[in-house]
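Summary of structural features
Chain residues, written in single-letter form:
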Amino acid sequence: PLPSNCLAHVVGRNIQATKVPCMCLTEALKDGPRVDLLMIDTEGFDYRVLQYYPFATSPAVRVVCGA
C-alpha cells in the first residue's frame, strides 16, 4: 500500500467530469479554462491525437499519454 501522503492520490482525488458538446477541440477551448493536465489514452493513437491539439493557443501544463 502507498503511504497516505503519496502524490499518486492527488490526481484521483481531483478528477472532475465535465460534459461538453461535440465540437472541434479548438472551439471547445476557446475562452475556456486553462489546461493543467491533458491525459490521452487512445489505444496507440496518442501521437495522432496530439497532432491536433492546439498547443499554440491552449498550452497544457503537463501531458500524459497512455496508461
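In short, a report on the structure. Keep in mind that this is a model prediction, so the values were computed, not measured. (Residues numbered from 1 in each chain as written. Predicted model: local features only at pLDDT ≥ 70, side-chain atom pairs only at ≥ 80, totals over all residues. Heavy atoms only, no water.)

What the chain contains, in helices and strands, is 3 helices and 2 strands. Listing the helices and strands of the chain from first to last along the sequence gives α-α-β-α-β. Against the 2.2 N^0.38 benchmark of 11 Å for 67 residues, the chain shows a C-alpha radius of gyration of 14 Å, more extended than a compact globule. Along the first, second and third principal axes, the C-alpha set of the chain runs to 40 × 30 × 20 Å. The buried share of the chain, reckoned over its 67 residues, is 13%. Put simply, of all contacts in the chain between residues at least 6 apart along the chain, 55% involve residues at least 24 apart. Carbon together with sulfur atoms contributes 59% to the accessible area of the chain, which is approximately 6,000 Å² in total. Side-chain charges in the chain split into 6 positive and 6 negative, and the spacing between the mean points of these groups amounts to 5 Å. (Helix = DSSP H or I, 4+ residues; strand = E, 2+ residues; numbered from the N terminus. Rg over C-alpha atoms; globule rule 2.2 N^0.38 Å. Buried < 20%, exposed > 50% of the residue type's maximum accessible area, 1.4 Å probe, protein only. Contact = heavy atoms within 4.5 Å. Areas by Shrake-Rupley, 256 points an atom, 1.4 Å probe, with all protein chains shown as cover. Lys, Arg positive; Asp, Glu negative; His and termini not counted. Charge placed at Lys NZ, Arg CZ, Asp CG, Glu CD.)

Two elements, strand S1 (residues 35-40) and strand S2 (residues 60-65), share 5 bridges in a ladder whose sense is parallel. Counted as the bridge partner of Ile40 is Cys65 from S2. Between the parallel elements S1 and S2, the chain passes through helix H3 (residues 46-51) in a crossover that is right-handed. (Pairing = 2+ DSSP bridges. Right-handed = clockwise from strand over helix to strand, strands pointing away.)

Within the secondary structure layout, Ile40 lies in strand S1. Through-space distance from the C-alpha of Ile40 to that of Cys65 is 4.8 Å; in sequence the pair is 25 residues apart. Excluding residues that lie within four positions of it along the chain, Ile40 makes contacts with Asp46, Val49, Leu50, Val64, Cys65 and Gly66.

This part is about a nonpolar patch on the surface. Side chains of Val11, Ile15, Leu37 and Met39 sit close together on the surface and give an oily, nonpolar patch of about 370 Å² of accessible area. Inspection of the secondary structure puts Leu37 in strand S1. According to the relative accessible area criterion, Leu37 is partly exposed, its value standing at 37%. (Patch = residues over 30% accessible without salt bridge, like charges linked within 9 Å, V, L, I, M, F, W, Y side chains within 5 Å. Salt bridge = Lys/Arg side-chain N within 4 Å of Asp/Glu carboxyl O.)

Distances and angles like these do not, on their own, reveal function.
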